[in-house]
Amino acid sequence: MVGLALAVVKIPLIVGAIIAGLMAFFVVRHPYVGLLAYLMIFSLRLAELFPVLAPLRPERTIGMITFGLLLLAQIRRHGGITFDRSKPTLHFYFLILAAFLTVP
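Read on for an overview of the structure. All figures in this text were calculated on a predicted structure; none of them were measured in a lab.

### A closer look at helix 3 (residues 31–44)
Now for step 1: Spanning 14 residues, helix 3 covers 20 Å between terminal C-alpha atoms, matching the ideal 20 Å at 1.5 Å per step.
Now for step 2: Next to the buried residues of helix 3 lie helix 2 (11–29), helix 4 (46–49) and helix 5 (58–78).
Now for step 3: Where helix 3 ends, the next residue or the one after it, Arg45, has phi of about 55 degrees, a positive value.

Structure (structure tokens):
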């Protein structure tokens, strides 16, 4: 089956699927371990180390998978998406809002 898959599917897609599957497992099992793994992937810049992975944009792909699975983990644990209402977090929200309003 692996030989057939290699003949039909390109190697970067197989590597990307394996990385995405591992990230999904980490995020569902332990959300913060998944975030640390994402940070590691983002810091290593895999697309620059392995140019064959550049079309997959691994940082962006893994980031979207991590974010989506973190939301699902929060819904599963708390029954919905909750936002922290502490003062530093509210200031962060205002900073993000200001960034969105100033960038055309």
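Let us keep going from here.
### Notes on the side chain of Thr89
Now for step 1: The residue Thr89 is located in helix 6 (residues 87–102) in this model.
Now for step 2: Side chain to side chain, Thr89 and Ser86 meet in a polar contact 3.0 Å long.

### Considering the pattern of salt bridges
Now for step 1: Tallying each qualifying case throughout the model produces one salt bridge.
Now for step 2: Glu48 serves as the salt-bridge partner of Arg45, at 3.7 Å between the closest nitrogen and oxygen.
Now for step 3: Glu48 gets classed as exposed once you look at its relative accessible area, which sits at 60%.

### As for the packing of helix 3 against helix 5
Now for step 1: The N-to-C vectors of helix 3 and helix 5 enclose an angle of 170 degrees; their axes lie 10 Å apart at closest approach. Accordingly, the angle class assigned to the pair helix 3 and helix 5 is roughly antiparallel. Across from Pro31, Gly34, Leu35, Tyr38, Ile41 and Phe42 in helix 3, the residues of helix 5 making contact are Glu59, Ile62, Gly63, Thr66, Leu70, Ala73 and Arg77.
Now for step 2: Classifying every residue of the contact of helix 3 with helix 5 by side-chain character gives eight nonpolar, three polar and two charged.

### Focus: helix 5
Now for step 1: Over its 21 residues, helix 5 extends 30 Å from the first C-alpha to the last, a length consistent with the 30 Å expected when each residue adds 1.5 Å.
Now for step 2: Taken residue by residue, helix 5 has Pro58, Glu59, Ile62, Gly63, Thr66, Leu69 and Ala73 as its buried positions. Looking down the long axis of helix 5, one finds its buried residues gathered within 145 degrees of arc, a one-sided arrangement. Exposed side of helix 5, more than 90 degrees from the buried face: Arg60, Met64, Phe67 and Leu72 are the residues found there.
Now for step 3: Turning to helix 5, the residues buried within the fold contact helix 2, helix 3 and helix 4.
Now for step 4: Just downstream of helix 5, Gly79 is the residue with a positive phi angle, here 80 degrees.

### Considerations on the nonpolar core
Now for step 1: Ala20, Met23, Val27, Ala37, Ile41, Leu46, Leu53, Ile62 and Leu69 form the largest nonpolar core, which has nine residues in total.
Now for step 2: Mapped by element, the contributors of at least two residues to this core are helix 2, helix 3 and helix 5.
Now for step 3: The greatest single-element share of this core, amounting to three residues, is contributed by helix 2.

What counts, and at which threshold
- Residues numbered from 1 in each chain as written.
- Predicted model: local features only at pLDDT ≥ 70, side-chain atom pairs only at ≥ 80, totals over all residues.
- Heavy atoms only, no water.
- Helix = DSSP H or I, 4+ residues; strand = E, 2+ residues; numbered from the N terminus.
- Expected span 1.5 Å × (residues − 1).
- Contact = heavy atoms within 4.5 Å.
- Polar contact = N/O pair within 3.5 Å; in protein donor to acceptor, adjacent residues only side chain to side chain.
- Salt bridge = Lys/Arg side-chain N within 4 Å of Asp/Glu carboxyl O.
- Buried < 20%, exposed > 50% of the residue type's maximum accessible area, 1.4 Å probe, protein only.
- Axes fitted to C-alpha atoms, helices over the stretch in contact; angles between N-to-C directions.
- Parallel < 35°, antiparallel > 145°, perpendicular 65-115°, else oblique.
- Nonpolar A, V, L, I, M, F, W, Y, C, P; charged D, E, K, R; others polar.
- Arc of directions from axis to C-beta.
- Core = buried A, V, L, I, M, F, W, Y, C linked by side-chain atoms within 4.5 Å.

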